[in-house]
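Descriptive structure summary
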Amino acid sequence: MIAVFFFLPVLAGFAMGLTDFDIYALSDLTNLRFVGLRNYLRLLETPLFWQAFGNTLYFVVVGVPLSIAASLGAALLLNSPLARFKSLFRTALFAPVVTTLVAVAVIWRYLFNTRYGFLNYALGQIGIAPIDWLGDPHWAMPAIILFAAWKNFGYNMIIFLAGLQAIPVELYEAARIDGASRWRQLRFVTLPMLSPVMMLVSILTIAGYFQLFAEPYVMTQGGPLQSTVSVLYFMYEEGFKWWNLGSASAVAFLLFLVIFAVTALQLRHAPRLGAA
Amino acid sequence: MKNGLAPILVNGLLAFAAAVVLFPLLWMLSVSLMSAGEASTFPPPFLPRDATLENYRELFAHAGIGRYLANSILIASSVTAISLILNVAAGYAFAKLKFAGRDRIFKLLLGALVIPSQVAMVPLFLLLKFLGLVNSYGGVIVPAMAGIFGIFLVRQYALSIPDELLEAARIDGANEFRIFGLIVVPLLAPIIVTLAVFTLLGTWNDFMWPLIVLADNNLYTLPVALASLSREHVQDNELMMAGSVLTTLPVLVVFLALQRYYMEGLMMGSVKG
């Protein structure tokens, strides 16, 4: 019973991926046929699927380190004994996390506007020519990454902050007595002590970033030239625009496999996480 | 510490970061008060020439935003109410009541936490379709009624309730429902508030699932409606900013009012987990 409970959603998703469930089957189940692995094979031959996968990978590989670096930087600043008005700054930096994704995506679409957007205006002040952020296939994904980092970094910032506060003060005292500079304290005390938290944060963030959907839906609709179609965006269109539910299920299942594999890989390299 | 510049540097960086982070939100508010077309000029204006509520009036009068607001409030509040009852009861049961296979089931639930919800989306959609819940409020409310995260949060907190207290009540002849209502729920009050805030914000902000399940315009929640409006009104920045304010201001206010509880839940859910 337990195994069924755990695997039920995954199994159901996988099973549906083996059928040609479409709009005809939706109206009459007798139209449903079992097609084996054909959905999967067809997906692997679909260029747009690979493009979506590549775009998502781009988003994860660039977006996750950027967002984690921003979180860590902000947490270090907030944790500094020199910082004032800590709770005020903490609230301000955290605010984007609780905002509604769709609403702030609409704001950022305007900030990224080529002609009237603030970003190009600010860049213009330092002599950089306007960039067609959301209209140029080379810039659309970086723009979305920038937006995602702004939206999400506060969450991990709070987790890092808790991790930083849990590091015993004695360690820093000992390091100071040994004559370690601030930089070396950061390098040899803070970061190693933070590594279990870092592992947790990167697992959660990577899994989360693979699920990119609303940002391209609102800001670019997958364009330009399909440069921001993510795996989930592809799944949404396949399943709920064209009603190829069998094929959409196969996409979701493949995404699950990828996330699962990446998480498992990370856990294998972090046996210490169990102690965290 | 010897360096007098360090405090200035740290606080200066913090102030700069806060300004960069808050800028989009403040600008949203400012642009939402501009008259039509004013924001589509260069250089972009910071403050409206004559602040006006015209955009908000327009949204209520012609875009039906009142209806979407009501939908969002209805869905978010019913999900919060129902899921609180179920999750608190389940969390307490996992922590304090003894039943067969309790710990194994709980571990299993934790394992299921890592499964991305999208893998279940298509099967769930079909299930709801056959239950006749697609394209109704129920389609959004039912799948959100119980959450593993909520059960987990309550369980961790409920573990700290001393068993002696419950035993004493049982000896005094109180039945399990009275114990739950009169002793457990008051003790769990802080975590209940935390969970309520999380659920409320999560449901309000949710986008993909309502987008899939709600096909009828009249049932749209604010985020779904805003996304669809923004595809139509690409050029009407002032109008869209007003829509964004209406969508995101309620959650920001709830968060600011109950921040302490929210942060607590975040810590419990991640670090101690």
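Okay, so let's go over this structure. Quick caveat: nothing in here was measured; it's all calculated off a predicted structure. (Residues numbered from 1 in each chain as written. Chains lettered and ligands numbered in written order. Predicted model: local features only at pLDDT ≥ 70, side-chain atom pairs only at ≥ 80, totals over all residues.)

**Observations regarding unusual backbone geometry**
Negative phi characterises most residues that are not glycine, and trans characterises most peptide bonds. In plain terms, the rule: By definition, any uninterrupted DSSP run of H or I lasting at least four residues is a helix, any uninterrupted run of E lasting at least two residues is a strand, and each is numbered from the N terminus. Any residue whose C-beta has 12 or fewer other C-beta atoms within 10 Å is treated as exposed, any with 20 or more as buried, and any in between as partly exposed, C-beta atoms being built from the backbone.
For the bond from Gly223(A) to Pro224(A), the omega torsion is -15 degrees, close enough to zero to count as cis. Along the chain, Pro224(A) falls in the loop between helix 11 (214–219) and helix 12 (231–241). For Gln226(A), which is not glycine, the phi dihedral falls at a positive 60 degrees. Relative to the elements of secondary structure, Gln226(A) occurs in the loop between helix 11 and helix 12. Of the residues examined, Gln226(A) has 19 C-beta atoms within 10 Å and is grouped as partly exposed. In the Ramachandran plot, Asn135(B) falls in the positive-phi region, its phi being about 65 degrees despite a non-glycine side chain. For Asn135(B), the position within the fold is in the loop between helix 5 (121–130) and helix 6 (137–141). Here Asn135(B) falls in the partly exposed class, since 14 other C-beta atoms lie within 10 Å of it.

**What to know about the interface of chain B and chain A**
Filter applied, for reference: What counts as a contact here is a pair of residues whose C-beta atoms, placed from the backbone, lie within 7 Å. Amino acids are sorted into nonpolar (Ala, Val, Leu, Ile, Met, Phe, Trp, Tyr, Cys and Pro), charged (Asp, Glu, Lys and Arg) and polar (every other residue, Gly among them).
The interface of chain B with chain A comprises 59 residues on the first partner and 61 residues on the second. Counting residues per element, the ones that place at least two in the side of chain B that touches chain A are helix 1 (5–32), helix 4 (102–112), helix 5, helix 10 (189–205), helix 11 (208–213), helix 12 (222–232), helix 13 (237–257) and helix 14 (259–270) of chain B. Take the side of chain B that touches chain A: its biggest share by element is 14 residues, from helix 1 of chain B. In terms of residue class, the side of chain B that touches chain A is built from 45 nonpolar, 13 polar and one charged.

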